[in-house]
Amino acid sequence: MFDRLFGKKPQDPPASRHGVLPSPLGLRLGAALRLDSILSKVLGDGRFILELPEPGTPMLVAAQGLIDLGEGVKLHRFYLDDDWWLQVKVSGSAGVEGENYDEILLFGFGDVVNPSTQAQFEDIAATIGLPKYEYAEKTFLRQWGVGNAASATTDYSERVYPKDDGSYETRHQDMLYAREVTGTTREELLLISVETDETDSVSVVHSVGMRLERTDLEIT
Amino acid sequence: MGIISKIWTAVRGHATEAGQTVVDANALTILDQEMRDADNEIRKSKDSLAQVMAKRKVSSDNLVSKKAKLAEYIGYVEAALAKGDEALATEIAGKIAEHEAQVATDEGLIAEYDSSIASIRKAITEAEDRLKRMKVKVDVVKAREHVIRASQVAASANAGANSKVAGALESLERLQSSQAERQARIESANEIAKDGTDVGLEEKLKAAGIKPGGASAQDVLARFRKPGA
């Protein structure tokens, strides 16, 4: 009553825990994604290491990650329930209604190694960046760098905003590999990331994935 | 543009160009403001064009994506048929039909975007050309205005000089008149002075022909020659 009398504006609804986060393709915390059911039916036959969701099963965004690679290039990561995550690469602003993007990748978390000794970490690290990488009995070819020597990883920081928790920072040292899969034009990707969290705990995370077309995803 | 609008434009114009005389400056001030408004409108049109072009790019990217998926689906339906999986082949064929319709729709949409983009571009170019011509005209008018003002200053200075000459002439006339008056006074004073002396009397007698010695021998002779003299 007094607020109205003295002209004080009614308060806006409470902001979300993390304020306003970018929303490329309409993706956001709490959004539901459905993958084209044909992909699950055709490619979910064991040809891919990546396990695709059951046809029609929605995947919910539980956390969002932001990575600024500089020069206007940003990676938006959306961590889904059941260990899938989606990466949208955007150059410049998100553009028209957030529909402007360069690339959409779907990954599933694979093996995570927490080296217990420096020697173990060095053994693993020595293989990251080599022209070939063996994973789950498949051979992947390096996508970043040329030549026979090991290529340097791409290093960056990611700020992660969980839907129901405070944000945190993670440092990444990444290398991307890929392999061809018979019967499809889609390659299988392998992203190896040496992750260091805010407590300086190091883990080596393997994620397998594929490139998606915009029409592969239904976002609600 | 209505009168009120003109007045408002002029008021706004004065906010950025103060110190000009109201009457002389109004026309140019309004023109300047109108050109700034036109510039802003063109900028807005360009922003709109950029938006339309961005939407066209999104539609075009989606079309490429849908065509790629169409090609991929065709591969999958052939594989499903080869394996004898009729149910999957039928489902994929349904998706192909859906995508073919979407591709046709998107192609039509992109053609509409292209048409709109061409039309907006043409309109912007025409507006820019008109504005350029208007700016040239305003520059010419402003230059003329400067020339007119300079001429007015010169004319005003000239008028001042003429006024000063006329004043001097009047003073001269007044001086001459005063001198004549003073001369008359002197002469008058002399007259009075003469009246009070023998000189005056003698001159009067002489003028009346009475003063002896004053007349010539001929005068005397003539006097004696008069009958009865």
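Just so it is clear, the structure is predicted and the values come from calculations on it, not from any experiment.

### Some remarks on the overall build of chain B
What chain B contains, in helices and strands, is 5 helices and 0 strands. For chain B, the α and β elements follow one another from N to C terminus as α-α-α-α-α. Relative to its 229 residues, chain B shows a buried fraction of 6%. By sequence separation, contacts in chain B at least 24 residues apart represent 63% of the contacts at least 6 residues apart.

### Description of the overall build of chain A
A count of helices and strands for chain A gives 3 helices and 12 strands. Evaluated residue by residue, chain A yields a buried proportion of 25% over its 220 residues. Contacts spanning at least 24 positions in sequence make up 52% of the contacts within chain A whose residues lie at least 6 apart.

### Description of the confidence of the model for chain A
Averaged over all residues, the pLDDT of chain A equals 89, while 90% of them reach at least 70. Contacts of residues 1-15 of chain A to residues separated by more than four positions or lying in other chains number 1 contact, the stretch itself having pLDDT below 50.

### Topic: the confidence of the model for chain B
All names here are of chain B. Confidence in the prediction for chain B averages 79 pLDDT; 70% of positions are at 70 or higher. Of all the helices and strands in chain B, helix α4 (residues 198-208) carries the lowest mean pLDDT, 58, while helix α2 (residues 22-83) carries the highest, 87. The ipTM, which scores confidence in the relative placement of chains, is 0.75 for this predicted complex, and the corresponding pTM is 0.67.

### Structural notes on the pairing of strand β4 (residues 84-91) of chain A
Residues and elements named next belong to chain A. In the sheet, strand β3 (residues 73-80) pairs with β4 via 7 bridges, with the strands oriented antiparallel. Bridge pairing in β4 links Leu75 to Lys89. Here β3 folds back onto β4, and the loop between the two strands holds 3 residues, one of which, Asp82, carries a positive phi near 60 degrees. Looking at chain direction, β4 and strand β5 (residues 103-113) are connected through 6 bridges and run antiparallel. Directly across from Gln87, in β5, lies its bridge partner Leu105.

### Quick word on the interface of chain B and chain A
Contacts between chain B and chain A engage 17 residues on the former and 12 residues on the latter. Elements supplying a minimum of two residues to the side of chain B that touches chain A: α2 and α3 (86-195) of chain B. Counting residues per element, the side of chain B that touches chain A draws most heavily on α2(B), at 13 residues. Within the side of chain B that touches chain A, the residues separate by chemical class into 8 nonpolar, 3 polar and 6 charged.

### Thoughts on the environment of A:Leu75
Residue and element names in this part refer to chain A. Mapped onto the fold, Leu75 is located in strand β3. Residue Leu75 is classed as partly exposed on the basis of its C-beta count, with 19 C-beta atoms lying within 10 Å. Expressed as a C-alpha distance, the spacing of Leu75 and Gln87, which sit 12 residues apart in the sequence, is 6.6 Å.

### Some points on the nonpolar core
Judged by nonpolar contacts, the single largest core of 46 residues is most densely connected at A:Phe78, A:Leu80, A:Trp85, A:Leu86, A:Leu190 and B:Tyr76. Apart from residues no more than four positions distant in its own chain, A:Leu80 is found in contact with A:Leu33, A:Met59, A:Leu60, A:Val61, A:Ala62, A:Trp85 and A:Leu86.

### Some words on unusual backbone geometry
All names here are of chain A. Positive phi is not limited to glycine here, since Asp82 has a value of about 60 degrees. Looking at where Asp82 falls in the secondary structure, it is placed in the loop between β3 and β4. For Asp82, a count of 12 C-beta atoms within 10 Å gives the class exposed. Unlike most non-glycine residues, Glu137 shows phi in positive territory, near 65 degrees.

### Points about the environment of A:Gly166
Assignment of secondary structure puts A:Gly166 in the loop between β8 (154-162) and β9 (168-179). For the pair formed by A:Gly166 and A:His18, sequence separation is 148 residues and the distance between their alpha carbons is 7.9 Å.

### Focus: the pairing of strand β7 (residues 138-142) of chain A
All names here are of chain A. As defined by bridge partners, strand β6 (residues 132-135) adjoins β7 across 4 bridges and the pair is classed as antiparallel. In the strand pairing of β7, Glu134 is matched with Thr139. Where β6 folds back on β7, the antiparallel hairpin that results is connected by 2 residues, among which Ala136 adopts a positive phi of roughly 50 degrees. Pairing geometry for β7 and β9, over 2 bridges, is antiparallel. Bridging across to β9, Leu141 finds its partner in Ala178.

The rules behind these values
Residues numbered from 1 in each chain as written. Chains lettered and ligands numbered in written order. Predicted model: local features only at pLDDT ≥ 70, side-chain atom pairs only at ≥ 80, totals over all residues. Helix = DSSP H or I, 4+ residues; strand = E, 2+ residues; numbered from the N terminus. Buried ≥ 20, exposed ≤ 12 C-beta atoms within 10 Å, placed from the backbone. Contact = placed C-beta atoms within 7 Å. pLDDT = per-residue confidence, 0-100. Pairing = 2+ DSSP bridges. Nonpolar A, V, L, I, M, F, W, Y, C, P; charged D, E, K, R; others polar. Core = buried A, V, L, I, M, F, W, Y, C linked by C-beta atoms within 7 Å.

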